[in-house]
Amino acid sequence: MAAPRGQWSGKLGFILAAAGSAVGLGNLWKFPYITYENHGGAFVLVYLCAVALVGIPIMIAEIILGRRSQLSPVGAFGKLAKGLPGGKAWQGLGFLGVSAGFVILSYYSIVAGWTLRYTWMALSGSLGRIATQPGALDAFFGNYVADGGAQILGNGLFMLLTVGGVYFGVKAGIERVARILMPLLVMILLALAVYATTTAGFPRAVAFLFRPNFSELTNHSILEAVGHAFFTLSLGMGAILTYGSYMGKTESIPMAGLAIAIIDTIIAILACIVMFSIIFTFDMGVSKSAGILFTTIPAVFYQLAGGSWIAASFYVLVAFAALTSTISLLEVVSSYAIDELGWSRHQATLTMGLAIFVFGILNALSLGANATLSGVAPLGKTHAGVFNTLDYLASNWMLPVGGLFIAIFTGWVMSARDTWDEIRRGSEGSRTLYDVWRVLIRFTAPIAVGAIIFSIIFLGMEYQ
Ligand code: PFF
């Protein structure tokens, strides 16, 4: 007999767990870096519009699908599409989501592993010694990622923590971790933000983020803003859908969706304020890609008084954020085995965690340790190596395509009667609000996401 389906302990449980999924490396690493590349202000504004007009409607759609079906993605589409146009074929969308969870976790947990190493180095003092010698951080980082053993170890440790969170179930595992880590994360970030206001670079950071200069906005920035809205809100692969399936019927879906998006956005903006205040104080250039978090940032931390404490708190913060996200990725894959294959939670979590870890070895060795794995480029030279190829595939293809079809399914295939029936439970929400959501999910979201996919295919653009 299958165990009864888990449920969050209440409204806050769902919001914290889902916000934990949303807040991750996307907020603390990718958002500051792409904001810098896209010249701040105007890009931030477009990003906020993308969250409001595309992100929130799709988030609400995913929660509806999860709560209505009481299943994870594969089962959810199987159940809800019964008798509707497309029928069983919609299950393919669920499989796409499970595969995306598998793939994203296999490389995300490697970067997450770096945060453990940096926390340890900040505490032991070795990061401080390197960070104060010019060029030493870059050299260290380059050697570190190319050290296959160290990458496998970091990945393994982070996967163990992730498995630990999922193993104990919805309430005692996932929710408990989020209840402890999310408030701590907010406290650390707020403390760093308060500190940032005392630095000389703070006014410039605020102007950079909030004074839009539309002449600097390109089509590519707009695409990047919409693409990032997906990744940062954990949309397009059924993570929020799965979490929604554990949500009580008496809670308001629109309010929860709104709260998660607001928390995610505030944290991304605070992270930018902290990083840019410090970077502008010392007028340092920002290096591209992973560098910002693992080479630029430590170098500036150690220019400040109490640098090792700032660095240690910062990497703990990033590790916490990453952990609540990796937990949601593993939950999507494990809940497939639980719901569809009838496995016990323990068996599903251990087996899937191990499978993803083993697969992740390919990623771990593709950052320089193994020449073949680091050089393969089936999707073009700019994505050389297994790690980059999979990141490109997931961020540019799996999530947007998943999101597009989630919008089409909820907006066009499911009846308005069914979606309204689910939304109205637990929300005193007016019908007008529902009507606004329905226009966004039927028209705005598919057109915006369709435009991204079109540009990726025909204009060679990409979200990275
Ligand atoms: N939202 C996470 C971040 O911003 O880091 C990444 C992520 C987690 C994407 C879970 C998708 C997902 F299902």
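All of the points below concern the structure found in this document. (Residues numbered from 1 in each chain as written. Predicted model: local features only at pLDDT ≥ 70, side-chain atom pairs only at ≥ 80, totals over all residues. Heavy atoms only, no water.)

The next subject is the nonpolar core. W8, F14, I58, L127, I297, F314 and F409 are the most contacted members of the largest nonpolar core, which totals 166 residues. Ignoring any residue separated from it by four or fewer positions in sequence, one finds I297 in contact with M275, I279, I292, F314 and Y315. (Core = buried A, V, L, I, M, F, W, Y, C linked by side-chain atoms within 4.5 Å. Buried < 20%, exposed > 50% of the residue type's maximum accessible area, 1.4 Å probe, protein only. Contact = heavy atoms within 4.5 Å.)

A separate point is the site of the ligand. In the vicinity of the ligand there are 15 residues, among which A22, G26, Y108, F231 and S234 approach most closely. Here S21 contributes a backbone N or O atom positioned 3.3 Å from a nitrogen atom of the ligand. At a separation of 3.0 Å, an oxygen atom of the ligand approaches a polar backbone atom of L25. Put simply, the ligand lies in the largest cavity. Taken together, the residues of the shell around the ligand break down into seven nonpolar, eight polar and no charged. (Near = heavy atom within 4 Å. Polar contact = N/O pair within 3.5 Å; in protein donor to acceptor, adjacent residues only side chain to side chain. 1 Å grid on protein atoms, 1.4 Å probe; cavity = no way out; pocket = protein on both sides within 12 Å on 5 of 7 lines; lining within 4 Å. Sits in = over half its atoms within 2 Å of the grid points. Nonpolar A, V, L, I, M, F, W, Y, C, P; charged D, E, K, R; others polar.)

This brings us to the side chain of D264. As for its placement among the helices and strands, D264 is situated in helix α13 (residues 253–281). Despite its burial, D264 pairs with no opposite charge, the nearest such side chain being K30 at 13 Å. Leaving out residues up to four positions away in the same chain, D264 has contacts with A22, V23, N27, Y47, T232 and L233. (Helix = DSSP H or I, 4+ residues; strand = E, 2+ residues; numbered from the N terminus. Lys, Arg positive; Asp, Glu negative; His and termini not counted. Salt bridge = Lys/Arg side-chain N within 4 Å of Asp/Glu carboxyl O.)

Next up on the list: the packing of aromatic side chains. In total, this model carries 33 aromatic pairs according to the counting rule given. With 5.8 Å between their ring centres and 80° between their planes, W8 and Y246 make a pair best called edge-to-face. Note that W8 is positioned in the segment before α1 (11–22) and Y246 in the loop between α12 (239–244) and α13, a separation of 238 residues in sequence. Accessibility expressed as a relative area gives 3% for Y246, which makes it buried. (Phe/Tyr/Trp six-rings, centres within 6.5 Å; stacked < 30°, edge-to-face > 60°.)

The final tally for this structure, using the stated rule, is 11 salt bridges. The partner of D421 in a salt bridge is R68, and the shortest N-O contact between them spans 3.1 Å. Here D421 is found in helix α19 (residues 416–424), whereas its partner R68 is found in helix α3 (residues 41–69), with 353 residues between them in sequence. Overall, the relative accessible area of 15% leaves D421 in the buried class. In this structure, R179 engages E175 in a salt bridge whose closest nitrogen and oxygen atoms are separated by 2.8 Å. Placement of the pair is R179 and E175 together in helix α9 (residues 169–197), with a separation of four residues, close to one helical turn. Take E175: its relative accessible area is 2%, and that puts it in the buried class. By sharing partners, the salt bridges in this structure join R67, R68, K249, D418, D421, E422, R424 and R425 into a single network.

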